[in-house]
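# Summary of the model geometry
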Amino acid sequence: MTQAQWTPTACILCECNCGIEVQLGGDDGRQFLRFRGDKRHPASRGYACEKAHRLDFYQNAGHRLTLPLRKKGDGTFEEISWDVAIKEVAERLSKVRDTWGGASIFYYGGGGQGNHLPGAYATSTRRALGSIFKSSALAQEKTGEFWIADRMLGGATRGDFEHCEVALFIGKNPWHSHSIQRARTTLKEIAQDPARTLIVIDPRRTKTAEMADIHLQVRPGGDAWLLLAMLATLAEEHLLDTDFLDARAEGLDEVLAVLRGVDISDCAARSGVPEEQLRDAARRIAAATSLSSMEDLGVQMNRNSTLVSYLHRLLFLLTGNFGKPGAQYIPTTLVPFATGDGGKRSPVVGARIISGLVPCNVIAEEILTDHDARYRAMIVEATNPAHSLADSQRMREALESLDTLVVIDVAMSETARLADYVLPASTQFEKAEATFFNFEFPDNAFHLRPAILPPPPGPLPEAEIHARLCEALGAFNDDTLAPLHAAARHGLMAYGAAFMQHVIANPSLNGYAAAILYRTLGPTLPTGTAEGAVLLGLAFRCAMDHGADLARAGFEGPPAAAALKLFQAIIDTPTGVVFARGQWEDLRPRTPKGRIKLALPDMLAEILALKAPEINEDFPFTLSAGERRAFTANTIIRHPDWRKKDPQGALFMNPLDAARLGVETGGQVRLTTPRGAATVTVEVSDTMLPGHISLPNGLGLDHPGQQTPGVSPNDLTSLQDRDPFVGTPWHKCVPAQVQPLSTP
Ligand SMILES: Nc1nc2c(c(=O)[nH]1)N[C@H]1C(S)=C(S)[C@@H](COP(=O)(O)OP(=O)(O)OC[C@H]3O[C@@H](n4cnc5c(=O)[nH]c(N)nc54)[C@H](O)[C@@H]3O)O[C@H]1N2
Ligand SMILES: Nc1nc2c(c(=O)[nH]1)N[C@H]1C(S)=C(S)[C@@H](COP(=O)(O)OP(=O)(O)OC[C@H]3O[C@@H](n4cnc5c(=O)[nH]c(N)nc54)[C@H](O)[C@@H]3O)O[C@H]1N2
Ligand code: SF4
Ligand SMILES: [Mo]
């Protein structure tokens, strides 16, 4: 009997993208039989959680799109050939461009948790169409943090949780949602070490909070007061790291002037956390040699989210926790994406565009208007906005009202159903793929995972779809690319030189680098790696910006030479490579003056203007719409059987509330918000605070032949509930009422 073969790839279910190994088998050899963490992966080092074991539900759950689809007049779809699909999509979108301008063609998506190459290839198609506005799910979570981080530090930070003395999680439940590599191993190590302290700020006693030394059980939406009280404690009790601040920061006096005016007891009362407990937490942080901290959706999708991002940064900066082991750092990424406000505004609403992303909550408004500059067409790729953006009903209306909607997906998603054209993509195991969420330090890793299966007849990788669209749009053809085809046959060195000469020197090809690399270099790359071609361009950019980090990782020389070496290593190493090696002593804020900017006048004004939200008696509950649980993964896996626990995606509720309503676990209630209503199953849980209820994310998906379990959370959310600065949604504090329907 031959030994079954282990093939390296990665899990695609959360942003960690753990390296895993898979045994393929079954009748057709395409079933995922066994999994294990891949010890060779430089970031995850053998770690994987239980979700990876159920990836077969992604690859083989029987919901694949196979052929391009065109919507008919009666609303049903017909299958068409790729030639017809590409020709018609190019014609329809060119017509939109020629009539209303390229700015009216909006691009949404480009990747999910682990597939970020489509977004890179789409730059070519967008360039051919003159499309300038875009967005993605990041603009409903991270843009507030990016904006503040850019202004204070010149870049977003991550924490060295593996080595910190104190770890702080704010509105974040890494036991279930991960987001840091090897999360559970690291959490256990911190929790078990008496010299280290785990602090969690969360209204819910989550699994992470249960492990914590200090659980600050904040009132939902009370984080701004809590952090403010902690900062004021630091100021009052002289717990600041003044040496660090003198050496590296400016604006301390303005910040202290505001903090000294804060009434700590009043803030504590508003936050719901006892004053002595929050003072102790502040003291513990100040006394530590290092603090790593992370904020996530619990605060980023909540009231005062941008202010909280600011206060969070003050907390680690005033205590000197930037640029030393165990503390915060700015990682060297292969692709820069956490940039700030470039000054652009969205054309209809005039919303601030951070990191190049239009706020998700204004997209429907930018479409459902008679404003001349409205978006008329959309390309949606590897994302499911009809399900994941606030107010699904309004979002569906917006998508349906477009002149042309093109959706590129592997499955018939809620969004694909609304499309004029649906283009079927190969799955993330049928093409080379990668994540750009690479945030490690000092060693940062990048993993191009080759295809481990050929696609079935029909679906195409996005790289191929975009290259074909570019050709149909007249961007380039085999003749214009002939010198590159020829050079590619002579190896990577020759190709690199030819690319520089031909593409950089030829203005008509500018902006099409991604698709050109795929067309010309792609075919010469080893089997299963063609879609990695775009990485040559990205490696070059990275070598220009971060040559010293690349050199320390073994990719030395002038940028072109370093990029070629790095690219070769990425292509040759299916288990991931360390591409950058930083040094703690070199870490500097990337602000124009190289100093940390502590005082942001608009945020200091926000502190002074901070007001408790008005209570709406009709909606006495606070609903967290979209929590991460044991078996949730956005909408990446659609088959309901993949979820081993909590099949209905229950509404968690405190026992006091349940008793008052007369419901028990398994009973049904009617959940109503100002925007919608749903019938949900209750799970009574003393992990919840009274008045706080929670629904999971990613449920309410239908699947052929199956009942739809759970609720689609954005049937209940509203577009107007958003941050005034960056437009991020308030999904974690939806006003709600609950009426009992039955007991089990
Ligand atoms: N299992 C699983 N893991 C995932 C994902 C998934 O779908 N499933 N998705 C991935 C993605 S896309 C993301 S962005 C991350 C998100 O990861 P997290 O941000 O950790 O996810 P959530 O569970 O949505 O929210 C975190 C916590 O916020 C708390 N919270 C609610 N209201 C408040 C509040 O007012 N204040 C504070 N301080 N906390 C509050 C909730 O109780 C919850 O524990 O997870 C990633 N990982
Ligand atoms: N109410 C509420 N709403 C939320 C959240 C919340 O907490 N509460 N969380 C938000 C957050 S943080 C996020 S990140 C978003 C996530 O929501 P989305 O951005 O919509 O992302 P996914 O649900 O991951 O959608 C992935 C889509 O990509 C498709 N897909 C999978 N593989 C491939 C592939 O290889 N190629 C292509 N072309 N398609 C593929 C899947 O079939 C699916 O349709 O949801 C957000 N929405
Ligand atoms: S779900 Fe996230 S943490 Fe779990 S194996 Fe997959 S990538 Fe790793
Ligand atoms: Mo996310």
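Placed above this text is the structure.
My aim in this report is to walk through the structure given alongside it, one point at a time. (Residues numbered from 1 in each chain as written. Chains lettered and ligands numbered in written order. Predicted model: local features only at pLDDT ≥ 70, side-chain atom pairs only at ≥ 80, totals over all residues. Heavy atoms only, no water.)

Of regular secondary structure, the protein chain possesses 26 helices and 28 strands. Summarising its shape, the C-alpha atoms of the protein chain cover approximately 75 × 65 × 60 Å along the three principal directions. Of all 744 residues assigned to the protein chain, the portion counted as buried reaches 62%. When contacts within the protein chain are restricted to residue pairs at least 6 apart in sequence, long-range pairs at least 24 apart make up 74% of them. Approximately 27200 Å² of the protein chain is accessible, and the part contributed by carbon and sulfur atoms is 50%. (Helix = DSSP H or I, 4+ residues; strand = E, 2+ residues; numbered from the N terminus. Buried < 20%, exposed > 50% of the residue type's maximum accessible area, 1.4 Å probe, protein only. Contact = heavy atoms within 4.5 Å. Areas by Shrake-Rupley, 256 points an atom, 1.4 Å probe, with all protein chains shown as cover.)

What follows deals with the state of the cysteines. Applying the stated rule across the entire model yields zero disulfides. In this structure cysteine 360 is a free cysteine whose sulfur lies 17 Å from that of cysteine 733, the closest cysteine sulfur available. (Disulfide = S-S within 2.5 Å.)

Take helix H24 (residues 559-572) next. At 3.6 residues per turn, the α-helix brings residues three or four places apart onto the same side. Helix length check: H24 (14 residues) gives 20 Å between terminal C-alpha atoms against 20 Å at 1.5 Å per residue, within 8%. Listing the buried residues of H24 in full gives Ala562, Ala563, Leu564, Leu566, Phe567, Ala569, Ile570 and Ile571. Against strand S20 (443-446), helix H20 (492-504), helix H22 (535-545), helix H23 (547-552) and strand S21 (577-581) lie the buried residues of H24. (Expected span 1.5 Å × (residues − 1).)

Take the pairing of strand S15 (residues 341-345) next. Pairing of S15 with strand S16 (residues 352-354), which is carried by two bridges, proceeds in the antiparallel orientation. Following the sheet pairing, aspartate 341 is matched in S16 by isoleucine 354. Here S15 folds back onto S16 in antiparallel fashion, the turn holding six residues, of which glycine 350 has a positive phi close to 75°. (Pairing = 2+ DSSP bridges.)

On to the layout of surface pockets, then. If you add up the space inside the second largest pocket, you get close to 680 Å³. Forming the walls of the second largest pocket are 25 residues, and the residues nearest its centre are Pro220, Arg303, Pro613, Ile615 and Thr622. Only strand S23 (621-627) and strand S28 (734-742) provide two or more residues apiece to the lining of the second largest pocket. Per-class residue counts for the lining of the second largest pocket are 13 nonpolar, eight polar and four charged. Domain assignment of the residues forming the lining of the second largest pocket places at least three in each of domain 3 (143-332 + 597-604) and domain 5 (621-742). (1 Å grid on protein atoms, 1.4 Å probe; cavity = no way out; pocket = protein on both sides within 12 Å on 5 of 7 lines; lining within 4 Å. Points joined across faces, edges and corners; volume = space filled by probe spheres on them. Nonpolar A, V, L, I, M, F, W, Y, C, P; charged D, E, K, R; others polar. Domains from an automatic or database assignment.)

Moving on to the packing of aromatic side chains. Applying the stated rule across the entire model yields 16 aromatic pairs. Members of the aromatic cluster, joined through ring pairs, are Phe32, Phe35, Tyr58 and Phe429. A cation sits over an aromatic face here: arginine 54 above phenylalanine 631, 5.9 Å from the ring centre. We note arginine 151 situated over the ring of tryptophan 147; from NZ or CZ to the ring centre the distance is 4.3 Å. (Phe/Tyr/Trp six-rings, centres within 6.5 Å; stacked < 30°, edge-to-face > 60°. Lys NZ or Arg CZ within 6 Å of the ring centre and 35° of its normal.)

Moving on: the sheet that holds strand S10 (residues 197-201). Spatial strand order, S11-S10-S9-S13: four strands in an open sheet with parallel pairing. Strands with a single pairing partner mark the edges of an open sheet, and in this sheet they are strand S11 (214-216) and strand S13 (291-295). Sheet twist, expressed as the mean angle between neighbouring strand axes with direction ignored, is 10°. The pairing of S10 with S11 spans three bridges and is classified as parallel. Along S11, the bridge assignment pairs isoleucine 201 with leucine 216. (Axes fitted to C-alpha atoms, helices over the stretch in contact; angles between N-to-C directions.)

With respect to topology, three strands assemble into an open sheet ordered S1-S2-S3, the strand pairing being antiparallel. At either end of the open sheet lies a strand with only one pairing partner, and these are strand S1 (6-10) and strand S3 (31-37). Strand-to-strand twist of the sheet, defined as the mean angle between neighbouring strand axes without regard to direction, takes the value 40°. In this structure, S1 lies alongside strand S2 (residues 19-25), joined through five bridges in antiparallel fashion. Paired with threonine 7 across the two strands is valine 22, which belongs to S2.

Scanning all chains against the criterion turns up five cavities of 30 Å³ or more. Of the pockets and cavities examined, the largest cavity occupies roughly 190 Å³. Residue lining of the largest cavity: 20 residues in total, with Cys16, Gln181, Thr435, Phe437 and Asn438 positioned closest to the centre. With three residues, S20 is the single largest residue contributor to the lining of the largest cavity.

Now for the packing of helix H10 (residues 252-259) against helix H25 (residues 601-609). Packing of H10 against H25 brings their axes to within 10 Å, and their N-to-C directions diverge by 5°. Taken together, the axes of H10 and H25 are roughly parallel relative to one another. Residues Glu254, Val255 and Val258 of H10 form the contact with H25, whose own contacting residues are Leu604, Ile607 and Leu608. Here the contact of H10 with H25 is built from residues that sort into five nonpolar, no polar and one charged. (Parallel < 35°, antiparallel > 145°, perpendicular 65-115°, else oblique.)

No statement about biological role is implied by the geometric values presented.
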